[in-house]
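Coordinates in review
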Amino acid sequence: MSFTLATWNINSVRLREPLVCQLLEAEGPDVLCLQECKSPVDKIPMERFRELGYQHIVARGQKGYNGVAILSKLPLEDAGDRDFAQLGHARHVAARLENGVTIHNFYVPAGGDKPDREINEKFGQKLDYLTEMRDWFHSERPEKAILVGDLNIAPREDDVWDHKKLLKIVSHTPVEVEHLGEAQEAGAWVDVTRADIPEGNLYSWWSYRSPDWNAADKGRRLDHVWATPDISNAAHGSRILREARGWEKPSDHVPVFATFDL
DNA sequence: ATGGTTGCTATGCAA
């Protein structure tokens, strides 16, 4: 059995319902994980998604902020959620496919502007969120699992447009990279995208504030696909749909894909 | 050091 999965920070699922449909029609992933839906679950426009064959939907939402959803052609069951760092935010949901694979969909806190928890509470919350992810994976020891989402950290030098310029910019500071690395290690998660594409710069996000995103290309790889070692060898075909950043009324993030042969 | 843009929702906050 083979299935293709995509992850996309959609930055309002209601505003961008047409773009979600465009992606589902053009690419037809078996599973699409969305973040920043910015919608209560009962206001997610599910009808069009269902018409396109995505009959199975698991979501967590809140008004205006955060929100995660998993749209699937394949049957899946809700596998719960966790409120890491007790923020009361809809930032995680899990679902289980019939083949026993668990999919974790994450939206890690962005962390505010200043990379200093003494003066910026949000940065501390981001680090705490990652620490609690680490502790949970350490106790849980995930198996046959895939973790995707907007992790709001670009860990490698070639995950950003200028490593040195970004060392003090939230999303690429050493302390964040270290926290993310500990969470990854605790679950023995394999970075599927980088296992597939080990060389070269990779970005999944370009700021709205950069006037000519394509020419300037000041991107970061904030969106990730991880898998546990028991299934990571089954992953291939990773790609990042850069062109989606140029679509009409785009999200600032683009979809990241991987295929699993299981 | 600062501002640049977008979305939600009605004013500033979060990203």
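Residues numbered from 1 in each chain as written. Chains lettered and ligands numbered in written order. Predicted model: local features only at pLDDT ≥ 70, side-chain atom pairs only at ≥ 80, totals over all residues. Heavy atoms only, no water.

Turning our eyes to something else, we now look at the packing of aromatic side chains. Evaluated as defined, the whole model comprises twelve aromatic pairs. In this structure an aromatic cluster arises from ring pairing among F84, F106, Y129, W136, F137, W189 and W226. When the ring centre of F257 is taken as reference, the NZ or CZ atom of R239 above it lies at 4.4 Å. (Phe/Tyr/Trp six-rings, centres within 6.5 Å; stacked < 30°, edge-to-face > 60°. Lys NZ or Arg CZ within 6 Å of the ring centre and 35° of its normal.)

This part covers the sheet that holds strand β6 (residues 92-97). A sheet is described by the order of its strands in space; here six strands give the open sequence β5-β6-β7-β8-β12-β9, paired in mixed fashion. Across the chains shown, the open sheet's two edge strands, defined by having one partner strand only, are β5 (76-78) and β9 (190-191). In terms of strand pairing, strand β8 (residues 145-150) meets strand β12 (residues 223-227) through five bridges, oriented antiparallel. Considered in β12, the bridge of D150 is made with D223. Lying on the sheet, helix α3 (residues 121-140) is in contact with β6, β7 (102-107) and β8; it crosses β7 at an angle near 165°. (Pairing = 2+ DSSP bridges. Helix = DSSP H or I, 4+ residues; strand = E, 2+ residues; numbered from the N terminus. Contact = heavy atoms within 4.5 Å. Axes fitted to C-alpha atoms, helices over the stretch in contact; angles between N-to-C directions.)

Given a rise of 1.5 Å per residue, 20 residues ought to cover 28 Å, and the 28 Å separating the end C-alpha atoms of α3 matches this to within 8%. Buried within α3 are the following residues: F123, G124, K126, L127, Y129, L130, M133, W136 and F137. Residues of α3 that are buried sit in contact with β6, β7, β8 and α4 (174-186). The opening residue of α3 is N120, an N-cap whose side-chain oxygen sits 3.1 Å from the backbone nitrogen of K122. Taken from the residues just after α3, R141 is the one with a positive phi, measuring 50°. (Expected span 1.5 Å × (residues − 1). Buried < 20%, exposed > 50% of the residue type's maximum accessible area, 1.4 Å probe, protein only. Polar contact = N/O pair within 3.5 Å; in protein donor to acceptor, adjacent residues only side chain to side chain.)

Now for the protein's contact with DNA strand B. As a matter of local geometry, DNA strand B sits amid 16 residues, with S12, R16, Y208, R209 and K249 nearest to it. Counting only atoms of DNA strand B within 4 Å of the protein, the sugar-phosphate share comes to 66%. For DNA strand B, a sugar or linking oxygen lies 3.1 Å from a polar atom in the backbone of Y208. Contact between DNA strand B and R209: a base nitrogen at 2.5 Å from a side-chain N or O atom of the residue. Taken together, the residues that form the surface near DNA strand B break down as five nonpolar, three polar and eight charged. (Near = heavy atom within 4 Å. Nonpolar A, V, L, I, M, F, W, Y, C, P; charged D, E, K, R; others polar.)

With that out of the way, let us pick up the UniProt feature "binding site: Mg(2+)" (unreviewed entry) in chain A. Here the UniProt feature "binding site: Mg(2+)" (unreviewed entry) sits at N9, E36, D150, N152, D252 and H253. For the annotated residues, spread through 245 residues, the largest C-alpha to C-alpha distance comes to 12.5 Å, consistent with a single compact locus. Looking at the element boundaries, N9 is found in strand β1 (residues 2-9). Residues within four places of N9 in sequence aside, it is in contact with Q35, E36, Y107, D150, D223, S251 and H253. With relative accessibility at 1%, the residue D150 sits in the buried group. (UniProt positions renumbered as here; feature names shortened; annotations may be inferred.)

With that settled, consider the sheet that holds strand β3 (residues 56-60). With respect to topology, six strands assemble into an open sheet ordered β3-β4-β2-β1-β14-β13, the strand pairing being mixed. Two strands lie at the open edges of the sheet, namely β3 and β13 (235-240), each paired on one side alone. This sheet shows a mean twist of 15° between the axes of neighbouring strands, independent of strand direction. Pairing of strand β2 (residues 31-35) with strand β4 (residues 68-72), which is carried by five bridges, proceeds in the antiparallel orientation. The partner of V31 across the bridge, within β4, is S72. In the packing of helix α1 (residues 17-27) onto the sheet, contacts are made with β1, β2, β4, β13 and β14 (256-261), and the angle to β2 comes to roughly 155°.

Another aspect to go through is unusual backbone geometry. Non-glycine residue S12 carries a positive phi angle of around 95°. When its relative accessible area of 14% is taken as the criterion, S12 is described as buried. Phi is positive for R141, which is not a glycine, with a value near 50°. Relative to the helices and strands, R141 resides in the loop between α3 and β8. R141 sits in the partly exposed class, given a relative accessible area of 45%.

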